[in-house]
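Observations on the three-dimensional arrangement
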Amino acid sequence: MPWALALPGVVAVVFLLLPLAGVLAGAPWRTLPDRLTAPAVTEALGLSLAVSGWALLLSLVLGVPLAWLLARVEFPGKALVRCLVMLPMVLPPTVAGVALLEGYGRRGLLGPWLDGLGVTLPFSTAGAVVSSAFVSMPFLVISLEGALAGLHRRYEETALSLGAGPLRTFFTVTVPMVAPGLVAGAALSWARALGEFGATITFAGNLPGTTQTLPLQVYLLLQNDPDGAVAVSLLLLVVATAVLVALRGRWLGGGAGGGHARRPDRAGDGAGAVPHTRGAADTADTANTAAAEYREPAGPAEHPDPAGKTGTAQPPAAWPLTAEVAGYTRVRLDASPGTTIAVVGPNGAGKTTLLRALLGLTPRAWTDSLRLGALDVGELPVHRRGIAWVPQDGALFPHLTALSNTAYGLRAQGVGKRHARVAAQEWLDRLGVGHLAHRRPGQLSGGQAQRVALARALAARPRLLLLDEPLAALDQTTRARVRHALRSHLADFPGVCLIVTHDPVEAVSLADRVLVLEDGLPVQYAEPAEVARHPRSPWVARMLGRNAWPGTVRGGGLELSDGARLVLAEPGDDSPAPAEGSPALAVVGPEAVSVHRERPSGSPRNVWEGTVRELTAHGGRLRVLVDAAPEVVAEVTAAAAAELGLAEGARVWLSVKATEITVVGL
Ligand SMILES: Nc1ncnc2c1ncn2[C@@H]1O[C@H](COP(=O)(O)OP(=O)(O)OP(=O)(O)O)[C@@H](O)[C@H]1O
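Residues numbered from 1 in each chain as written. Predicted model: local features only at pLDDT ≥ 70, side-chain atom pairs only at ≥ 80, totals over all residues.

By the naming in an unreviewed UniProt entry, the chain is ABC transporter permease, taken from Streptomyces cavernicola. Quoted verbatim from the Sequence similarities (unreviewed entry) heading of the UniProt record, the comment on the chain is "Belongs to the binding-protein-dependent transport system permease family." (UniProt positions renumbered as here; feature names shortened; annotations may be inferred.)

What follows is the structure in structure tokens.
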């Protein structure tokens, strides 16, 4: 422990403690009960409690919205407003009192107008409330703004996407999630108001029974009865300490912040024009179970009958999607009901931006048109679009049980509590997590939380479902299980579902179509098998675990960008060769690359040399990454690797038969 720091630290503690110890030592203990129960003291105490209570109320009514604005809304002059909020904390209280007189006093800016209304603030209890609120509100605003800044917006955005309006979202998600910060700020603000002196005496005077609060009485007593002043000071000290002790957990527990829940051109090749997989007619098969869940979300709230118990199931509504997204991500989407579209692309490709544009949650991209079935929802606010969003971590509301989370969307759409809970339970059961209905998100595993998040989105009866990397946080085993559950439940969904993913298995196994984005533009929009067979970008090919070498077609071969040349097979009838001089991509599966220690002789005409950079296990085989021109991934059995003596740094020869190369025009 460095003494240079420890010593001043200890001195600081003593410096703070000594005056307080002095109050304890100097308190007239024998006469204390009599003094504290004297009418003047009880009257001042009552007045103090009333004034600080009203000041707190005023601070809450005005300060909470102000903190929200500062934390959530961008507006010109925000820095200035923030300074203004803090000003009363640093102003000498008497100056604050003078300022209040100039603002609200009889001759102040607003005084004559207030007088006209019959309201006189100076030298009144209301004036004491105003002066206390003036100096104490900043504590509330600053504490709450900090808590709001720590609350990730995806919780509120998810609530909006489930159909909750902004005010409902504020009271049911924002406020409960920042409650610790709000309570801490309110307590501090109240304690500050309780101890307020300077501004009150300047603005409201020192009138017994009207404005003479305890701190003012201490000041008065000090002149005639010092023991009495110490006794009343002791009382204030005890009250202030009690507040701090009550908040101790907050301060020591890592701050007041809430929101720390557990751990978010045109359709390229034209293939987007007529996507169709499971059509509306197919979905009708599921009428008995799906009909009641999927009613018009924006319509009058009705009791959803998830189990079809009433036996009055109607055919389900079907929601095809037509969207034109502009801005950073420029895509045209056209998909029939029941289509699941996997959105893939490298980091920063614009996948999340696309989802947020459809929701109307980002100014970086927007929809020029957005139709879900016959409805044009592009101009509607987020909560009216009927687009449910499951962000990356699910964003379950940590203060609600799994059941209440799942019922949230229906409740927001006006469904009665009992019916909403019955429907929510039904959805949780369908996703295999019904037995966890009464657990909070913090008590769920990653896989369970993902299922609850999905149940919550589906229960909200959306017309479009957006899943942002729904399985990213799960381990391999859970991922396979949840993927299976996801697939079976998406099969019943009568709208379009967009799933952002980095996982090729997820893209291929879950989706009917794959949309490949790069730099905000669609590179390919096709069925998974087509994307796997003919990937239109090196990134996709590599995502699918294949070699992809871009180049230019020349003289029956492909000149690669790094100077190498590939010999290609004669084009067949079903795969016409790209035109001479056009850009193309050579795609080769790693299993089609042969690895040798000596230069191979014989038929393969594409041969080159390189150095093994990395060996990784892949299923029962080994993937060999070779630094060569071009870089190559090969796949060999463990036995072959041992026989060849493959190790990182080994020099190897690689060969690929011309017939194993797929050429895709770019
Ligand atoms: N709020 C923002 N302000 C400015 N730029 C942003 C903002 N959000 C994202 N971007 C930028 O927009 C681009 C697309 O981002 P986006 O999050 O949509 O990518 P993504 O495809 O989802 O990436 P990832 O796979 O990494 O999640 C990136 O270049 C990113 O840096």
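With that settled, the discussion passes to the overall build of the chain. Of regular secondary structure, the chain possesses 24 helices and 20 strands. Residues counted as buried form 45% of the 666 residues belonging to the chain. (Helix = DSSP H or I, 4+ residues; strand = E, 2+ residues; numbered from the N terminus. Buried ≥ 20, exposed ≤ 12 C-beta atoms within 10 Å, placed from the backbone.)

The subject of this paragraph is the site of the ligand. Taken together, Tyr328, Gly345, Asn347, Gly348, Ala349, Gly350, Lys351, Thr352, Thr353 and Arg364 make up the full set of residues adjacent to the ligand. For the shell around the ligand, a count of residues per class yields 2 nonpolar, 6 polar and 2 charged. (Near = placed C-beta within 6 Å. Nonpolar A, V, L, I, M, F, W, Y, C, P; charged D, E, K, R; others polar.)

With an omega of 5°, the peptide bond running from Ala629 to Pro630 counts as cis. Inspection of the secondary structure puts Pro630 in the loop between β17 (621-627) and β18 (632-637).

Burial within strand β10 (residues 521-526) is extensive, with 5 of its 6 residues counted as buried. Here strand β9 (residues 513-518) runs beside β10; their pairing, made up of 5 bridges, is antiparallel. Bridge pairing in β10 places Leu515 opposite Tyr525. A loop of 2 residues connects β9 with β10, the two strands running antiparallel in sequence, and Asp519 in this loop sits at a positive phi of about 50°. (Pairing = 2+ DSSP bridges.)

For the rest of this paragraph, the subject is the environment of Glu527. Within the secondary structure, Glu527 sits in the loop between β10 and α22 (528-533). Since 16 C-beta atoms lie within 10 Å of it, Glu527 is described here as partly exposed. Sequence separation between Glu527 and Ile341 is 186 residues; the distance between their C-alpha atoms is 9.1 Å. Setting aside residues no more than four positions away along its own chain, Glu527 makes contact with Asp512 and Arg513. (Contact = placed C-beta atoms within 7 Å.)

This part covers the confidence of the model for the chain. Mean pLDDT over the chain: 83, with 88% of residues reaching 70 or higher. Taking the mean pLDDT of every element in the chain, the minimum, 29, falls on helix α15 (residues 287-290) and the maximum, 96, on helix α17 (residues 402-412). Contacts of residues 252-315 to residues separated by more than four positions or lying in other chains number 140 contacts, the stretch itself having pLDDT below 50. ipTM for the predicted complex: 0.95, alongside a pTM of 0.75. (pLDDT = per-residue confidence, 0-100.)

The pairing of strands in a sheet happens through backbone hydrogen bonds and is either parallel or antiparallel. In spatial order, the strands read β2-β1-β4-β5; together these 4 strands make up an open sheet with antiparallel pairing. At either end of the open sheet lies a strand with only one pairing partner, and these are β2 (331-335) and β5 (375-376). Where helix α16 (residues 351-359) meets the sheet, it contacts β1 (321-327), β2 and β4 (365-372), and its direction lies at approximately 60° from that of β4. (Axes fitted to C-alpha atoms, helices over the stretch in contact; angles between N-to-C directions.)

For any two helices packed against each other, one specifies the crossing angle of their axes together with the interaxial distance. Where helix α3 (residues 39-72) contacts helix α10 (residues 179-194), the two axes come as close as 8 Å, and the packing angle between them is 140°. Considered as vectors, α3 and α10 are oriented oblique to each other. The two elements α3 and α10 cross, and the hand of that crossing is right-handed. Contacts between α3 and α10 involve Ser48, Val51, Ser52, Ala55, Leu56, Ser59 and Leu60 on the former and, on the latter, Ala186, Ser189, Trp190, Ala193 and Leu194. Here the residues of the contact of α3 with α10 sort into 8 nonpolar, 4 polar and no charged. (Parallel < 35°, antiparallel > 145°, perpendicular 65-115°, else oblique. Left-handed = near helix turned anticlockwise from the far one by under 90°.)

Running from N to C, helix α7 (residues 125-150) and α10 cross one another at 165°; their axes reach a closest spacing of 8 Å. Our classification of the angle between α7 and α10 gives roughly antiparallel. Taken as a pair, α7 and α10 cross one another with a handedness that is right-handed. Of the residues in α10, those touching α7 at Ser132, Ala133, Val135, Ser136, Met137, Phe139, Leu140, Ser143, Leu144, Gly146 and Ala147 are Gly181, Leu182, Ala184, Gly185, Ala186, Leu188, Ser189, Arg192 and Ala193. Among the residues forming the contact of α7 with α10, the class breakdown is 12 nonpolar, 7 polar and 1 charged.

The next point concerns the sheet that holds strand β13 (residues 565-567). Spatially, 5 strands are ordered β13-β12-β11-β14-β20 in an open sheet, and the strand pairing comes out antiparallel. What marks the edges here is a single partner per strand, and that holds for β13 and β20 (662-665). Each neighbouring strand pair of the sheet contributes to a mean axis angle of 40°, computed without reference to strand direction. Looking at chain direction, strand β11 (residues 547-554) and strand β12 (residues 557-560) are connected through 4 bridges and run antiparallel. Note on β12: the bridge partner recorded for Val553 is Leu558.

Let's shift gears to the environment of Arg439. Along the chain, Arg439 turns up in the loop between α18 (417-430) and α19 (446-459). Sequence spacing of Arg439 and Thr401 is 38 residues, and the spatial spacing of their C-alpha atoms is 5.2 Å.

Before going further, it helps to examine the nonpolar core. Among the nonpolar cores identified, the biggest contains 173 residues, and Val343, Leu358, Leu428 and Leu466 are the most heavily contacted of them. Looking at which element gives the most residues to this core, the answer is α7, with 14 residues. (Core = buried A, V, L, I, M, F, W, Y, C linked by C-beta atoms within 7 Å.)

So, on to α3. The end-to-end C-alpha separation of α3 is 48 Å, in line with the 50 Å expected for 34 residues at 1.5 Å each. In the structure, α3 departs most strongly from a straight axis at Gly63, where the bend amounts to approximately 35° and where the proline Pro65 lies between one and four residues downstream. (Expected span 1.5 Å × (residues − 1). Bend = angle between axes of the 7 residues up to and from the residue.)

Once that is clear, we can look at the environment of Leu321. Tracing the backbone shows Leu321 in strand β1. A tally of 24 C-beta atoms within 10 Å means that Leu321 is categorised as buried. In contact with Leu321, other than residues within four places in its own chain, are Leu333, Ala335, Leu372, Leu464 and Val496.

Its 16 residues place the ends of α10 22 Å apart at the C-alpha level, agreeing with the 22 Å of an ideal helix rising 1.5 Å per residue. Of all 16 residues making up α10, 14 are buried, and the element is well covered by its neighbours.

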